[in-house]
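Chain by chain, the residues run as shown.
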Amino acid sequence: MIVKAENIFKSYKKNKITLPVIKDFNYEFKDNHIYLIKGFSGKGKTTILSILALLDKEDSGKIYYNDKLVSDMDSEEKCRVRREEIGIVFQKYNLLQGLTVLENIILVDVSTQNLKKEEATLKAIEILRMLQVEEKKDCYPHELSGGEQQRVGIARAILKNPRICIFDEPVSNLDDKNIDIIVKFINNYCHQKDRMAIISSHSEHFDEIADNIINL
Ligand SMILES: Nc1ncnc2c1ncn2[C@@H]1O[C@H](COP(=O)(O)OP(=O)(O)OP(=O)(O)O)[C@@H](O)[C@H]1O
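Basis of the calculations
- Residues numbered from 1 in each chain as written.
- Predicted model: local features only at pLDDT ≥ 70, side-chain atom pairs only at ≥ 80, totals over all residues.
- Helix = DSSP H or I, 4+ residues; strand = E, 2+ residues; numbered from the N terminus.
- Buried ≥ 20, exposed ≤ 12 C-beta atoms within 10 Å, placed from the backbone.
- Pairing = 2+ DSSP bridges.
- Axes fitted to C-alpha atoms, helices over the stretch in contact; angles between N-to-C directions.
- Contact = placed C-beta atoms within 7 Å.
- Near = placed C-beta within 6 Å.
- Nonpolar A, V, L, I, M, F, W, Y, C, P; charged D, E, K, R; others polar.
- Right-handed = clockwise from strand over helix to strand, strands pointing away.

- As annotated in an unreviewed UniProt entry, the chain carries the name ATP-binding cassette domain-containing protein and is attributed to Lachnotalea glycerini.

Quick word on unusual backbone geometry
- Its identity as a non-glycine residue notwithstanding, Asp24 has a phi of 60°, on the positive side.
- Tracing the backbone shows Asp24 in strand β2 (residues 17-30).
- One non-glycine residue, Asn161, lies in the positive phi region at around 60°.
- Summarising the element assignment, Asn161 is placed in the loop between α5 (146-158) and β7 (164-168).
- Residue classification places Asn161 among the partly exposed residues on the basis of 14 C-beta atoms within 10 Å.

Focus: the sheet that holds strand β3 (residues 34-38)
- On the basis of which strands lie adjacent, the open sheet formed by 5 strands has the order β6-β7-β8-β3-β9 and parallel pairing. Single-partner strands in this sheet number two, and they are β6 (86-89) and β9 (212-215). Averaged over all adjacent pairs, the angle separating strand axes in this sheet is 15°, with direction ignored.
- Sheet topology places β3 next to strand β8 (residues 196-201); 5 bridges connect them, and they run parallel. When the sheet's bridge partners are listed, Lys38 is paired in β8 with Ser201.
- Strands in contact with helix α1 (residues 45-52) are β3, β7 and β8; relative to β8, the strand with the most contacts, it is inclined by about 160°.
- Lying over the sheet, α5 contacts β6 and β7, oriented at roughly 170° with respect to β6.

Digging into the site of the ligand
- For the ligand, the full set of nearby residues is Tyr12, Lys14, Val21, Gly39, Ser41, Gly42, Lys43, Gly44, Lys45, Thr46, Thr47 and His202.
- Tallied by class, residues from the shell around the ligand come to 2 nonpolar, 7 polar and 3 charged.

Re the pairing of β7
- The buried fraction of β7 amounts to 5 of the 5 residues, a majority that puts the element mostly inside the structure.
- In β7, alternate side chains face the same way, and those of Ile164, Ile166 and Asp168 on one face and Cys165 and Phe167 on the other are all buried.
- Across 4 bridges, β6 lies against β7 in parallel orientation. Across the sheet, the residue bridging to Ile88 is Ile166, located in β7.
- In terms of strand pairing, β7 meets β8 through 5 bridges, oriented parallel. Bridge assignment links Ile164 to a residue of β8, and that residue is Met196.
- After leaving β7, the chain enters helix α6 (residues 176-192) and then returns to the sheet as β8, a path that is right-handed.

Shown next as structure tokens:
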């Protein structure tokens, strides 16, 4: 998979004032590479990740998924790409409070990807083990620490083995132990499974594992 961004511009309007956020962003992202997008708060990290993940639309410029121009895709195809090819982890864990850890992880993929519940459960447990949070599989989110919840969010995003893994500030406000587990996991996962990871961070925690650093 190759994701290409060409001449991307994005601005927001506030009180009739236009605030340019992304100005002529160009980059090519490939499998088996970890990309780190760095920049101070407000520089547009979340904005560019949302555009790359097809959750937001650029004002001008082009995004290609392989050779396909995203603006040529109809909404059904965009949904399919988002569902099958992209895994996203946000800064806020967004776990459903009424469901257990395991239920949170398998819910969407079992209902949308024709994945059998038993198969999804076994896969989820394997990923939880790699993230060192397997013993919490039957707990509810409020029984977990922030770092544990973030690891569950990561397990949920990668259960479907997406080609493109997007992590928006995945370790902010976490302690060193949680950061270490998450950094190592992303590094192993990306290179063992030949996946593309695009991470935003304002800290130096991912510097060592990043193949490419993009400064906004
Ligand atoms: N929906 C929106 N409407 C108006 N302005 C917005 C909107 N989303 C983002 N912005 C503005 O665009 C700029 C970039 O926001 P963005 O969230 O992409 O930055 P960031 O680099 O991810 O910041 P942080 O590190 O704080 O998460 C900010 O100034 C923000 O206030």
